[in-house]
Amino acid sequence: MRTHTTFPRSGTRSHVLTFGMVSLLGCLLVLPSTALANRTLVVPISVATYTDTQSGFPTFVMKWDEGRQPDPLALKWGRSQVPVRGTGMTSIQHAFRFAVERLGPTLHPTGTLSLYATFSGPLSAEGSTAEAALAIGFLALLKGDHLKHDITIAGTLEDGGRIGQVSQVAEHTTAAARAGYHVLLVPRGQFYAPRVNRVSLSLESQVLVREVDTIEEAYEIMTGRKLSAPPSKTPAS
C-alpha cells in the first residue's frame, strides 16, 4: 500500500501565521497599561560656581512608576547608595512634601518616585537654593508637564509656596550664562533695577534674569502651564 504525504497549501500556512500574529497582538493589548507607565523628568540645579570642565548644571532625574502601591506616593533613591548628603537631604524632602500636598485636592499620586543624581557628595552650598527647582520638578512630573530646557531657577521654598532669597545671585547669573541657559529665575527683590535685565558674557552666551514671587508664577514660566490656585485654608471656628 502506498502512503501519501500531503503538505498544507501556502494559503493555509499564511492563514495560520496570520491568526497567530493576531492572537499575539490581542494578548499584548490586554496587558495592564500600568506595567508600561513610567514618567521621567530632568531638573537642573542652579549653582554659583561653574568651571570650564563642567557640561551643564548638575541635575536630578525623577522617575515615577505610576503604580497603585505604595499609597501614598513614596520617594526613594534610584540606587542603593545615597548620592546626596548634608542639608540637601532636608531640602529634597521639603520640596517633595510641598508638591504632594499642593496637588492634594486634585491629584492623589501613588506608587514610587525614584530620584537619581548626576553628582555625589554633600549638597550643603546649593541645598536650600535648589528647593524651588525641586518643588517645580516634582509638580511637573506628577502633573505630566515638561520643563523648558533653557530655563533654570535659584530660590528657597517658603511657607505658602513663596520663593525665598538666596545668596550670590550675581554668581548664579554668570554660571547660568556659561552653562548655556537663556533664562534665570531669582526671588523677588534680588536683582538690580530694572527687574528684567540681560547680562551678556559674549555674543553667543546671554541670560535673561527675571524675578518671581511664588512657585505658581515660576511654574508657569518654566512649563508654559498654569498651576491651579492653592486650596484656601478654612478658618477654625
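> So what's going on with the environment of Asp-159? Residues and values would help.
Examined against the element boundaries, Asp-159 turns out to sit in the loop between strand E8 (156–157) and strand E9 (163–164). With relative accessibility at 72%, the residue Asp-159 sits in the exposed group. When the C-alpha positions of Asp-159 and Phe-98 are compared, they lie 9.2 Å apart, and in sequence the two are 61 residues distant.

> A description of the nonpolar core should follow, citing residues and the corresponding values.
Formed by 43 residues in total, the largest nonpolar core has its most connected members in Phe-60, Leu-134, Phe-138, Ile-153, Leu-185 and Ile-215. At the level of elements, strand E1 (39–44), strand E2 (59–64), helix H2 (87–103), strand E5 (112–117), helix H3 (131–143), strand E7 (151–153), strand E10 (183–187) and helix H5 (215–223) are the ones that each hand at least two residues to this core. Sorting elements by how many residues they give to this core places H3 first, with 10 residues. Residues within four places of Leu-185 in sequence aside, it is in contact with Ile-151, Thr-152, Ile-153, Ala-154, Arg-210, Val-212, Ala-218, Ile-221 and Met-222. Formed by 16 residues, the second largest nonpolar core is a distinct cluster that contains Tyr-50, Phe-57, Ala-177 and Phe-191.

> Pulling in residues and values, what's your account of the pattern of salt bridges?
One pass over the structure, following the stated rule, counts eight salt bridges. In this structure, Arg-188 engages Glu-211 in a salt bridge whose closest nitrogen and oxygen atoms are separated by 3.6 Å. With Arg-188 in the loop between E10 and strand E11 (197–200) and Glu-211 in strand E12 (residues 206–212), this residue pair connects regions lying 23 residues apart in the sequence. Arg-188 gets classed as partly exposed once you look at its relative accessible area, which sits at 26%.

> Summarise H3; cite the residues concerned and give the values.
In this model H3 runs 18 Å from its N-terminal to its C-terminal C-alpha over 13 residues, within 8% of the 18 Å that 1.5 Å per residue would give. Burial runs high along H3: 12 of the 13 residues are buried. Within H3, burial applies to Glu-131, Ala-132, Ala-133, Leu-134, Ala-135, Ile-136, Gly-137, Phe-138, Leu-139, Ala-140, Leu-141 and Leu-142. With its phi angle positive at about 85°, Gly-144 sits one or two positions after the end of H3.

How each quantity is defined
- Note on numbering: residues in each chain are counted from 1, in written sequence order.
- Local features in this predicted model are restricted to residues of pLDDT 70 or higher, and side-chain atom pairs are both shown and tallied only at a pLDDT of 80 or more, whereas totals for entire chains, interfaces and linings draw on every residue.
- Side-chain measures were taken over the full set of non-hydrogen atoms in the model, leaving aside hydrogen atoms and water.
- Helix numbering and strand numbering both begin at the N terminus, where a helix is a DSSP run of H or I of at least 4 residues and a strand a DSSP run of E of at least 2.
- Relative accessibility under 20% of the residue-type maximum defines a buried residue, over 50% an exposed one, and the middle range a partly exposed one, all with a 1.4 Å probe and only protein chains included.
- For the purposes of this section, nonpolar cores are sets of buried Ala, Val, Leu, Ile, Met, Phe, Trp, Tyr and Cys residues that join through side-chain atoms within 4.5 Å.
- Note on contacts: a residue pair qualifies if any of its non-hydrogen atoms lie within 4.5 Å across the two residues.
- A carboxyl oxygen of Asp or Glu within 4 Å of a side-chain nitrogen of Lys or Arg is what we treat as a salt bridge.
- A helix is expected to span 1.5 Å for every residue after the first.

Keep in mind these numbers describe shape, not what the thing actually does.
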